[in-house]
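Listed here are the chains, written in short residue letters.
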Amino acid sequence: MIIPEPIENEVKLLGGTEGIALRIADDDKIARQSGIHHALSSSIRLKILNLVLVQPLCVCLIKDITNMPDSKLSYHLSILVDNGLIRREKSGNWIIYHPTEEGRKYKVEP
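This structure is a prediction, so every number in the text was calculated from the model and none was measured. (Residues numbered from 1 in each chain as written. Predicted model: local features only at pLDDT ≥ 70, side-chain atom pairs only at ≥ 80, totals over all residues. Heavy atoms only, no water.)

Let us now look at the overall build of the chain. On a plain count of helices and strands, the chain comes out with seven helices and three strands. The N-to-C order of helical and strand elements in the chain reads α-α-α-α-β-α-α-β-β-α. Taken against the 2.2 N^0.38 rule, which gives 13 Å for 110 residues, the C-alpha radius of gyration of the chain at 20 Å runs more than 25% over that of a compact globule. Principal-axis analysis of the C-alpha atoms places the extent of the chain at approximately 65 × 25 × 25 Å. Looking at the chain as a whole, 34% of its 110 residues are labelled buried. Carbon together with sulfur atoms contributes 57% to the accessible area of the chain, which is approximately 7,700 Å² in total. (Helix = DSSP H or I, 4+ residues; strand = E, 2+ residues; numbered from the N terminus. Rg over C-alpha atoms; globule rule 2.2 N^0.38 Å. Buried < 20%, exposed > 50% of the residue type's maximum accessible area, 1.4 Å probe, protein only. Areas by Shrake-Rupley, 256 points an atom, 1.4 Å probe, with all protein chains shown as cover.)

Following this line, the structure appears as structure tokens:
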């Protein structure tokens, strides 16, 4: 493969392509970050996250605020939970959704 000389010299100084590959996160960390970006790529999921950042909420309140059908809401909540942005906590017959420390990083200021 032919590459520009200045790049070739810098790549050699870094230990070649193997050296460059060692300087980035491993595949698990890359996949984790990709999942977070996927979870945050939906405006409704970002809205749900920000709702529970204001106040932990049960599904009925999230549904009331978002006007979303149960199945669709369940899908979006699962993505947020699966990617560690919110967590479920059982309280009697209720499931309350809370933000995680990771989720707190993505608050959108009003």
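The residue Pro56 is located in the loop between helix 4 (43–54) and strand 1 (57–58) in this model. Separated by 40 residues in sequence, Pro56 and Ile96 have C-alpha atoms that sit 6.4 Å apart. Residues in contact with Pro56, not counting those within four places in the same chain, are Ile96, Tyr97 and His98. (Contact = heavy atoms within 4.5 Å.)

Attention shifts here to the UniProt feature "domain: HTH arsR-type" (unreviewed entry) in the chain. Mapped onto this numbering, the UniProt entry gives "domain: HTH arsR-type" (unreviewed entry) at residues 25–110. For residues 25–110, the helix share is 59%, the strand share is 16%, and the end-to-end C-alpha distance is 33 Å. (UniProt positions renumbered as here; feature names shortened; annotations may be inferred.)

Taken together, the side chains of Met1, Ile3 and Ile7 make up a nonpolar region of the molecular surface, amounting to roughly 360 Å² of accessible area. Take Ile3: it is sitting in the segment before helix 1 (5–13). (Patch = residues over 30% accessible without salt bridge, like charges linked within 9 Å, V, L, I, M, F, W, Y side chains within 5 Å. Salt bridge = Lys/Arg side-chain N within 4 Å of Asp/Glu carboxyl O.)

Looking now at helix 3 (residues 27–40). The terminal C-alpha atoms of helix 3 lie 20 Å apart, and with 14 residues this matches the ideal 20 Å at 1.5 Å per residue to within 8%. Of the residues making up helix 3, those classed as buried are Gly35, Ile36, Ala39 and Leu40. Along the axis of helix 3, the buried residues cluster in a sector spanning 130 degrees; they form a single face. Away from its buried face by more than 90 degrees, helix 3 exposes Asp27 and His37. (Expected span 1.5 Å × (residues − 1). Arc of directions from axis to C-beta.)

All right, on to the nonpolar core then. Soluble, globular proteins show a tendency: their nonpolar side chains are buried together. The biggest cluster of nonpolar side chains holds 20 residues, and the ones touching the most others in it are Ile48, Ile62, Leu77, Leu85, Ile86 and Tyr97. Residue assignment for this core shows that the elements contributing at least two residues are helix 3, helix 4 and helix 6 (70–82). Ranked by residues supplied to this core, first place goes to helix 4 with six residues. Shared between two domains, this core holds at least three residues of each, these being domain 1 (1–41) and domain 2 (43–109). Every residue in contact with Ile86, bar those within four places of it in the chain, is listed here: Leu49, Val52, Leu77, Leu80, Val81, Tyr97, His98, Pro99 and Thr100. (Core = buried A, V, L, I, M, F, W, Y, C linked by side-chain atoms within 4.5 Å. Domains from an automatic or database assignment.)

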